[in-house]
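Tertiary structure, described
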Amino acid sequence: MEPKEDFGSSRSNGSSQVREVPALPVCPIKLDGTNYLIWSRSVFLAVGARGFSGFLTGASKKPAEQGDAQNKWVTTNYLIISYLLNSMEPTVARGYLLMDSATDIWISAEKTFSKKKNKSQCYEIQKKMGDTKQKEMSVFQYYSTLKGLWHELDYYGLFNAINPIDAATFQEWQDNHRLFDFLVGLNVEFEPIRAQILSTKPLPSLEDAFSSIQSEDTRRVAMTLPTPQERSALYSDSTVSNVAS
């Protein structure tokens, strides 16, 4: 359930009233034309958390009658416009500076930068996925990198199945192939557990496979570290050798 839109409260300040509008956090991502996906997600969460998502989607309509409700709507609209412009690089924001509706800015930015169903974008992401191997990364870093690419591919290559059976079949196919993508890029030391996972019937979920690999990685790291007693013994042997010399 979406938070109820709160246009702010009013408090007395002498003879006048000052309208308090909930502050929005500074957006950590600046839209530069190439990062629309993470920018839009960050902005939507920040604005939606304050109950103002309707100003982005157009669900919040300006009250027809003049009065306090209309004034509050206008003030909040200006707030969201200011937030959107400040979350863009100056060269990008300049193209939206004269627009009077937060919804218009949001929709225009989506049409300009989202690249939904863009085949070239899907190709680039698929290429990155093929080139992504664990190498020097930890298991967690490798898994997180792949997961980010999968989310991007889901966004740009949106697929909607009409038949529920087809949707379930496609989901199973996609889950298995993402499991294969993850396993094939692991370093060679994980070959035994990789073979064990692939021989499991039915195949485990991607999350379960990651958990198993992560546990194996933790076990390997723990086995390669000398225990405190061993480190003490090594230190003592080294000290004795130095004294003898």
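Here the structure is a predicted model, which means the values were calculated and not measured. (Residues numbered from 1 in each chain as written. Predicted model: local features only at pLDDT ≥ 70, side-chain atom pairs only at ≥ 80, totals over all residues. Heavy atoms only, no water.)

**A closer look at helix H5 (residues 102–113)**
Definition in use: Helical segments are the DSSP runs of H or I of at least four residues, strand segments are the runs of E of at least two, and each set is numbered from the N terminus. To estimate how far a helix should extend, the number of its residues minus one is multiplied by 1.5 Å. By definition, residues are in contact when any of their heavy atoms lie within 4.5 Å. Side-chain atoms alone can form a polar contact between residues adjacent in sequence; in general such a contact is a pair of N or O atoms within 3.5 Å, and within protein one must be able to donate a hydrogen while the other accepts it.
Taking 1.5 Å of rise per residue, 12 residues should cover 16 Å, and H5 covers 16 Å from first to last C-alpha, within 8% of that figure. Those residues of H5 hidden inside the fold are in contact with helix H1 (36–49), helix H2 (54–57), helix H3 (68–86) and helix H4 (90–93). Two or three places before Thr103, at the start of H5, stands the capping residue Ser101, its side-chain oxygen 3.2 Å from that residue's backbone nitrogen. Positive phi appears at Lys115, one or two residues downstream of H5, with a value of about 60°.

**Quick look at the environment of Leu56**
Under the convention used in this document: Each residue is placed in one exposure class: buried if its accessible area under a 1.4 Å probe, protein chains only, is under 20% of its type's maximum, exposed if it is over 50%, and partly exposed if it falls in between.
Assignment of secondary structure puts Leu56 in helix H2. For Leu56, a relative accessible area of 0% corresponds to the buried category. C-alpha of Leu56 to C-alpha of Asp104: the two residues are 48 residues apart in sequence and 8.0 Å apart in space. The contacts of Leu56, once residues within four sequence positions are left out, are Phe44, Val47, Ile80, Leu84, Thr103 and Trp106.

**Considerations on the side chain of Arg194**
For Arg194, the location among the structural elements is in helix H9 (residues 191–198). For Arg194, a relative accessible area of 12% puts it in the buried group. Only 2.6 Å separates the side chain of Arg194 from the backbone oxygen of Leu183, close enough to count as a polar contact. Discounting residues that sit within four places of it in the chain, Arg194 has contacts with Leu183, Val184, Leu186, Asn187 and Val188.

**Remarks on the environment of Phe113**
With respect to the secondary-structure elements, Phe113 resides in helix H5. Overall, Phe113 belongs to the buried group, its relative accessible area being 15%. Remark: the alpha-carbon pair of Phe113 and Asp32, spanning 81 residues in sequence, is separated by 9.4 Å. Once you skip the residues sitting within four places of it in the chain, Phe113 turns out to touch Leu31, Gly33, Tyr36, Val92 and Tyr96.

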